[in-house]
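Given next are the chains, with one letter for each unit.
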Amino acid sequence: MLGWSITGQIRAGGWSPLVSDRYQWLEVDLGRRTQITAVATQGRYGSSDWLTAYLLMFSDTGHNWRQHRQEDSLGAFPGNSNADTVVQYKLEQPVIARFLRLIPLDWNPSGRIGLRLEIYGCRYTSSVASFDGSRSSLVYRLSVRASWTVMETISLKFKTLKNSGTLLHAEGQRDHSLTLVLEKGKLLLYHLQGVSSSSGGQLLVSLGSLLDDQHWHHVKLERLSTHLNLTVDKNTLQVQIPSHGLQKPILSNRNFHGCLENLLYSDINLIDLAKHGSSQVAIVGNVTFSCAEPVSVAVTFTDSHSFLQLPGLTSWSTGLVSVMLQFRTWNKGGLLLTFGLPQQDGTVFLYLSQARLRLQISKAGRSSLDLSAGSGLNDGQWHYVELSFKNDHLSITVDKDEGATAHISISVPLTSDSQLFFGGKNTYFFPFSGCPTGESAQKCKNPFNTFQGCMRLLNLDDQTVDLIKVQQRLLGNYSHLQIDMCGIIDRCSPSHCEHGGICTQSWSTFHCNCSNSGYRGATCHSSIYEQSCEAYKHKGNMSGHYYIDVDGSGPIKPQLIYCNMTEDKTWMVIQHNNTELTRVQSSAERNQHFAYFDYSSEEEQLVAVISQSEHCEQELSYHCRKSRLSNTLEGAPFSWWVGGAGPGQSQTSWGGALTGTQQCGCSLQDSCLDPSHDCNCDADYDQWTEDSGLLTHKETLPVRSLVLGDIHRPGSEAAYRVGPLRCHGDKNFWNAAFFDKETSYLHFPTFQGELNADISFLFKTTSSSGVFLENLGIKDFIRIELSSSTEVVFSFDVGNGPLDVRVKTSLPLNDSRWHRVQAERNVKEASLRVDNFPAATHEAPTDGLMHLQLNSQLFIGGTASRQKGFLGCIRSLQLNGVTLDLEKRAKITPGVLPGCPGHCSSYGSLCQNEGRCEEKANGFSCDCGQSAYTGAFCHKEVSATFKSTTSITYILKEPFELSRNSSGLPSSIYSDITLRGENISLSFSTNQSPALLLYVSSFYREYLILLINKNGEDSQIAFSLGCLLLINDFINVADGRLHTVIVRRLADIVSVQVNTNTREIFLTLSYRRGFIYLPPFPSPCCVFLPLDSEPDGLDAEMAELASLGFTGCLSGVHFNSISPLKAALLHPDSPVIVTSPLVQSSCGSSSPANTYAAETTHSLSGTGMDPGQPLVNTIRSDSALIGGVIAVVIFVTLSALAVMARFICSRKETYRNQEVKAAQPEDSNEFPFSGQPDSPSAPSENQKEYFI
């Protein structure tokens, strides 16, 4: 049967309405419910009339229409481009309906609406039962006791107008039961222990939304072993429940009011059994086998232009007025109803504000009354509203008994001429709104947001408004309404918010709150944390606790892990509940001792960390006294441990031994106490010994439990220790490929990122353009490319047309440094990030297509056409958290090389305090050999506390060593080797004044001294070269605070800097090899010089000052390439002499260099809280060490300056003249040791022969 619009007609060659506008439709009655699979359209024959876009509606009754959507998002279907071509659309899922309605949206602009329509489908049969909501139900009992089966299934369809009711109650063995309950339009599955009640219990899962829409919804319940799958329409969730077969009755519909269809238990149709009077199914209450559907006409207010206008009633002249309606919406605000009060020159507004119902009466442009009632009315549920005026009494009621009522005494006169506007009104049409005369119409606009949502059951004085007459233009007026349907959509069910993000929504969109989730983006998809400690290190982070997200945007949660950044490796340290040495006493009552280890990380996190690390290890130590590990090589061992993924496997090899052997580490070294045994403890000596070592086989880690067996004998004792799991190296972070030809590329399987796609990688290149990545579909595609030296473009098409997201950078990207690209596309937006430059985003259309459908191979570094290929390196390429193995594919691909060297250009700036960047195959390291600091980035200060009796003497090569090593040189060369300059730096804190900080002497009795000089009430830095004394009088330095001193001499210019204050002086100086001496200056009998005598030229005042020593803290002591304090504290094998105990401490200084550098831009990050900042920094001794180093450096520097000043006044003029001539021609910004007077070269080995 063919139906059509009441305003249209069937013309020759097809259907064409009399008026071409968006209020026309073509309706088809198929005579019975039919399974519809496809729809085909064609223009009207021999005309210019065809549709270019249309909507499809379906219904069982000819009322309560439901709009069909593609991908649950796009409502419009593409039409025709001419009158003859047939365009067919196959439905993704067949639709079961009797009525189909096609609504034109757009048509040929040079013609009119015209259509030929064909519908494809087949007959549909079903068994239906109707329940009245009292106590009607069907009870099914199995005829025999069911045996346990692998899978049990219950499926059904239901439709209802009620938002609550029990659909299903199933009881199993041991009083376990499942209950399926409809609550506020959602389906809840409960598990109960006991059968005394069909309500309550443990909520297993909630699924579905807005299920009280009087449309059929499909439900399926499957038990698979220990899991339960619940499917509602197209969405499925899995939960784990106690596994028991369904043995007892299935009770359904205890309070359900609506219809069920095709209720199946496995393959048994329970409605058919009940319909045919089977004894297995009992009918309780009023159950009918047809679906009687009440007619409820709803209206949808779609946008800001939607309104419904209804005329007043003649009965209102009596002063009794009642307006009732039901509404549902997601918006917190919106105008529900407004009408004018012509007799009072006012207007009444009934509206939502902050999800509360408010009533406002405005007279003469001013608000004279404001009432409110209800709360949380934007939950998508139907809410009842009644507005009544009676005997000068006004009241508003929300949700009757469950809601609230507000009332006030006021007169609100209405007449039959009054007009009611629901949902909004014409922009400027405010009858009797009280706008002052002469006021512009602009100020009389609607002051409230228009309502977006659904209304139904509109009643005026208990008379239901016939909305079908409104649709037929026989009553009132309307605009932009969808009548006889409720088009509300729950955009949060299922939620597109990932990783625990909280979904909230309005009528047209949704929002994800990602707070405290550890993820970011429109759908909380991308992790804010790095995937390894290696990644944190290469952002410039120090040792500390960090959140690690091993799979990025994948399902594994972030975990808190300690990152130990050492100079050569970056360790991830995962603790467990017992890393201490634990003693086990012998006991005759038990034969074994069990120890279990619970790790701070979850199972999947542990597995992922071990898998992506290059190396993992765990210490396993067993201390024993008459407690054996093994019985014999052939027999069962006394003790063993369990390790590996999941529950783990038993292991009998102990620390240091090969996996799979019943041995210990001593057997590999042939060092066991008893050569006849493979473990020290197996010697069974009555004395303490141990078998300790590292477990390094990743497949056996981590250690999960320990079983100790030989502990029951008298005198048996044992102790064990299982250290934390330690891993270093990130195989994903350094996985790279080098593309050396534009025609080269790597290919991988099709990228699967239909709804959410995130892509991240690092690249470096000298080329200005090239395609990083491309994947094509029939129409869809995704591509990321370098379009110019300062622009990266992320392009894609999901069916809505191509879109580009571009990031322009202020710095060139083809600088052969590593740059990071992060692209994400989801149902809300697409975003692109490049390094730390501002991100670019592009919002997705509200009702557009969402699924990215690709079918070709994924190309990396090029395209299928071999054009616009990328030249350079791509590293750490991850798609949705999964790393592509570029190196493995590159090994077998011509034109592509695995790996990519050269990292210091990008990360070298992380090395601080004169640390030198060294290249590694995977990454870099900082060589701190020439720095006074230590640590992964040469950032840790080396500092110590000095007492008046503490001193350090650093001895350089003596003259006879030089002669021995340079026998081929002329005998005069030693006397000609001079120091062209000094570079001295140190930090100190002290309250002592005066005090000697640093003393440097040469073998030719030349010296310099850096000291704190007493000048009246202040104490100042003094730099002495013999009799010349340079005083920096800017600040008082003996105040217990940390001060930094830097002394530089180049030829005849000396500069002294104290903190930020600098003083410079010109002088003439020659300088010889000698020693650097830290306080106090020794008496003549203890001077460390080639000759055992007091240095020439040291006056009595200086000698007295030196005898006072130094009390305080020194750190960062550096003299040219020598760090004496660092050598004394960390390298005791160096030529250092220390008098009195040297206490390592912290002076409280920090490295002046950058502590958190961006990965590729080499700039400081923001000062706010950053996920890269350590949460807990456990290395506190580093700052103490640095403080001591700085203090020593200050001492050395000040002493050196003093010695140099003294030397100028007292040394021979011949030396002075000769060395000035040699030094003056040199123009250099460095301070090198010079092997010859005219040599500008860098320091050599021979140039370091001094005593310090």
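Residues numbered from 1 in each chain as written. Predicted model: local features only at pLDDT ≥ 70, side-chain atom pairs only at ≥ 80, totals over all residues. Heavy atoms only, no water.

Rules: UniProt positions are given in the numbering used here, feature names are shortened, and annotations may be inferred rather than shown by experiment.
Looking up the protein chain in an unreviewed UniProt entry gives the name Contactin associated protein like 3, with the organism given as Astatotilapia calliptera. Under the heading Subcellular location (unreviewed entry), UniProt records this for the protein chain: "Membrane". Under the UniProt heading Sequence similarities (unreviewed entry), the note attached to the protein chain is "Belongs to the neurexin family."

### A look at the overall build of the protein chain
For clarity, the threshold we go by: Runs of H or I in DSSP of at least four residues are treated as helices and runs of E of at least two as strands, each being numbered from the N terminus. To sort residues, take the accessible area from a 1.4 Å probe on protein chains only and compare it with the maximum for the residue type: under 20% means buried, over 50% means exposed, and anything in between is partly exposed. Residue contacts are defined here by distance: any two heavy atoms, one from each residue, within 4.5 Å place the two residues in contact.
Helices and strands together make up the secondary structure of the protein chain, namely 13 helices and 86 strands. Per-residue burial over the protein chain gives 55% buried out of 1252 residues. At a minimum sequence separation of 6, the contacts of the protein chain that also span at least 24 residues come to 71%.

### Remarks on the environment of Glu-843
Among the secondary structure elements, Glu-843 is positioned in strand β64 (residues 840-843). A relative accessible area of 64% means that Glu-843 is categorised as exposed. Distance in space between the C-alpha atoms of Glu-843 and Glu-829 is 4.2 Å, their sequence separation being 14 residues. Aside from chain neighbours lying at most four places away, what touches Glu-843 is Lys-828 and Glu-829.

### Concerning helix α4 (residues 603-612)
For α4, the set of buried residues is Gln-605, Leu-606, Ala-608, Val-609, Ile-610 and Gln-612. Buried-residue contacts for α4 involve β44 (559-565), β45 (570-574), β48 (613-625), β52 (703-708) and β54 (725-730).

### Examining the UniProt feature "domain: EGF-like" (unreviewed entry) in the protein chain
Taking the numbering used here, the UniProt-annotated feature "domain: EGF-like" (unreviewed entry) corresponds to residues 488-525 and 901-939. Along residues 488-525 the backbone is 0% helical and 26% strand, and the end-to-end C-alpha distance reaches 26 Å.

### What to know about the side chain of Gln-651
Tracing the chain through its elements places Gln-651 in strand β50 (residues 649-651). Under the relative-accessibility criterion, Gln-651 is labelled buried at 8%. Setting aside residues up to four positions removed in sequence, Gln-651 forms contacts with Trp-640, Trp-641, Gly-643, Thr-659 and Thr-700.

### Focus on the state of the cysteines
Condition: Cysteine sulfur atoms are paired as a disulfide whenever they fall within 2.5 Å.
Applying the stated criterion to the full structure yields 15 disulfides. Each sulfur in the disulfide pair Cys-514 and Cys-524 lies 2.0 Å from the other. A torsion of -95° about the S-S bond marks the disulfide between Cys-514 and Cys-524 as left-handed. On the criterion of sequence distance, the pair formed by Cys-514 in the loop between β40 (510-513) and β41 (519-520) and Cys-524 in the loop between β41 and β42 (526-527) is long-range, its members being 10 residues apart. According to the relative accessible area criterion, Cys-514 is buried, its value standing at 15%.

### Thoughts on the sheet that holds strand β56 (residues 746-748)
Filter applied, for reference: Strand pairing is assigned whenever DSSP detects at least two bridges linking the two strands. Fitted lines through C-alpha atoms give the axes, limited to the stretch in contact for helices. The angle between two N-to-C directions lies from 0 to 180 degrees.
Pairing in this open sheet of six strands is antiparallel, and the strands run β56-β65-β58-β59-β60-β61 from one edge to the other. Two strands close off the open sheet at either side, each with one partner strand: β56 and β61 (803-808). Taking each pair of neighbouring strands and ignoring which way they run, the sheet shows an average axis angle of 15°. Two elements, strand β60 (residues 791-797) and β61, share six bridges in a ladder whose sense is antiparallel. Following the sheet pairing, Ser-795 is matched in β61 by Asp-804.

### Considerations on the nonpolar core
Convention followed: Residues belong to a common nonpolar core when they are buried Ala, Val, Leu, Ile, Met, Phe, Trp, Tyr or Cys residues joined through side-chain atoms within 4.5 Å.
Grouped together as the largest cluster of nonpolar side chains are 62 residues, with contacts concentrated most on Ile-548, Phe-597, Tyr-622, Leu-706, Tyr-720, Leu-725 and Phe-924. The residues touching Leu-706, leaving out its near neighbours within four places in the chain, are His-593, Phe-594, Ala-595, Phe-597, Leu-620, Trp-640, Trp-641, Trp-654 and Tyr-720. Among the nonpolar cores identified, the runner-up in size contains 48 residues, and Leu-337, Leu-341, Leu-359 and Val-412 belong to it.

### Observations regarding unusual backbone geometry
Most peptide bonds take the trans configuration, and most residues that are not glycine carry a negative phi. Following Leu-701, the chain continues to Pro-702 via a peptide bond in cis, the omega torsion being 0°. Inspection of the secondary structure puts Pro-702 in the loop between β51 (689-695) and β52. The linkage connecting Ser-993 with the following residue, Pro-994, adopts the cis geometry, with an omega of 0°. Looking at where Pro-994 falls in the secondary structure, it is placed in the loop between β74 (981-989) and β75 (995-1002). Phi is positive for Asp-399, close to 60°, though the residue is something other than glycine. Note that Asp-399 resides in the loop between β32 (393-398) and β33 (404-409). With a phi close to 55°, His-480 is a non-glycine residue in the positive phi region. Residue class for His-480 comes out partly exposed when judged on its relative accessible area of 38%.

### Digging into the pattern of salt bridges
Formally: Each reported salt bridge corresponds to a side-chain nitrogen of Lys or Arg within 4 Å of a carboxyl oxygen of Asp or Glu.
For the coordinates displayed, the defined rule picks out 30 salt bridges. Taking the shortest distance from any N to any O, the salt bridge between Glu-27 and Arg-101 comes out at 2.6 Å. With a gap of 74 residues between them, Glu-27 in strand β3 (residues 26-42) and Arg-101 in strand β7 (residues 87-107) connect regions that are remote in the sequence. Neither residue differs from the other here; Glu-27 and Arg-101 are each classed as buried. Members of the salt-bridge network, linked through shared partners, are Arg-33, Asp-60, Lys-159, Glu-261 and Glu-293.

### Comments concerning the pairing of strand β11 (residues 151-159)
Consecutive residues of a regular strand have side chains that alternate between opposite faces of the sheet. Burial analysis of β11 places eight of its nine residues in the buried class, the great majority of the element. Sheet topology places β11 next to strand β16 (residues 217-224); eight bridges connect them, and they run antiparallel. Bridge pairing in β16 places Lys-157 opposite His-218. When β11 meets strand β20 (residues 257-265), the two strands line up antiparallel, connected through five bridges. Directly across from Ile-154, in β20, lies its bridge partner Tyr-265.

### Concerning the sheet that holds β50
Ordered in space as β47-β52-β49-β50, the four strands form an open sheet in which the pairing is antiparallel. The sheet terminates laterally at β47 (593-596) and β50, the two strands that pair on one side only. Averaged over all adjacent pairs, the angle separating strand axes in this sheet is 20°, with direction ignored. As paired elements, β47 and β52 share four bridges and run antiparallel to each other. Its bridge partner lying in β52, Ala-595 is registered against Leu-706.

### With respect to the confidence of the model for the protein chain
Heads up, the condition is: Per-residue confidence from the predictor is reported as pLDDT, a score between 0 and 100.
The pLDDT averaged across the protein chain works out to 79; a share of 78% of its residues lies at or above 70. pLDDT under 50 marks residues 245-253. Its contacts with residues more than four places away, or in other chains, come to 53 contacts.

### Comments concerning the packing of aromatic side chains
Convention followed: In summary, the pairing rule links any two rings of Phe, Tyr or Trp, Trp by its six-membered ring, whose centres are within 6.5 Å, and it sorts them by plane angle into stacked for under 30 degrees, edge-to-face for over 60 and tilted for everything else. In our convention, an over-ring charge means Lys NZ or Arg CZ found within 6 Å of a ring centre and within 35 degrees of that ring's normal.
Throughout the structure, instances matching the rule amount to 27 aromatic pairs. Relative to Tyr-547, the ring of Tyr-529 lies with its centre 5.1 Å away and its plane at 35°, an arrangement referred to as tilted. Of the two residues, Tyr-529 sits in the loop between β42 and α3 (533-537) while Tyr-547 sits in strand β43 (residues 544-548), which places them 18 residues apart along the sequence. Linked through ring pairs, Phe-739, Phe-761, Phe-763, Phe-772 and Phe-870 together constitute an aromatic cluster. Across from the ring centre of Tyr-384, 4.6 Å away, lies the NZ or CZ of Lys-400, which sits over that ring. If you follow Arg-726 out to its NZ or CZ, it ends over the ring of Trp-571, 3.9 Å from the centre.

### A short note on the pairing of strand β18 (residues 235-240)
Two strands pair when backbone bridges link them, and strand β17 (residues 227-232) and β18 are joined in this way by six bridges, in the antiparallel orientation. Pairing of Val-232 across the sheet is with Asn-235, part of β18. In textbook terms, the turn of a hairpin is the stretch between consecutive antiparallel strands, and for β17 and β18 this stretch comprises two residues, one of which, Asp-233, has a positive phi near 55°.

### Side note on the side chain of Ser-16
In plain terms, the rule: By the criterion applied in these results, polar contacts are pairs of N or O atoms within 3.5 Å in which, for protein atoms, one can donate a hydrogen and the other can accept it, and in which residues neighboring in sequence qualify only through two side-chain atoms.
Here Ser-16 is to be found in strand β2 (residues 14-17). A polar atom in the side chain of Ser-16 sits 3.3 Å from the side chain of Arg-112.

### A few points about the environment of Thr-766
One can find Thr-766 in the loop between β57 (757-764) and β58 (770-776). With 47 residues separating them along the chain, Thr-766 and Leu-813 place their C-alpha atoms 8.1 Å apart. If we ignore the near neighbours within four places in the chain, the residues touching Thr-766 are Asn-814 and Ser-816.

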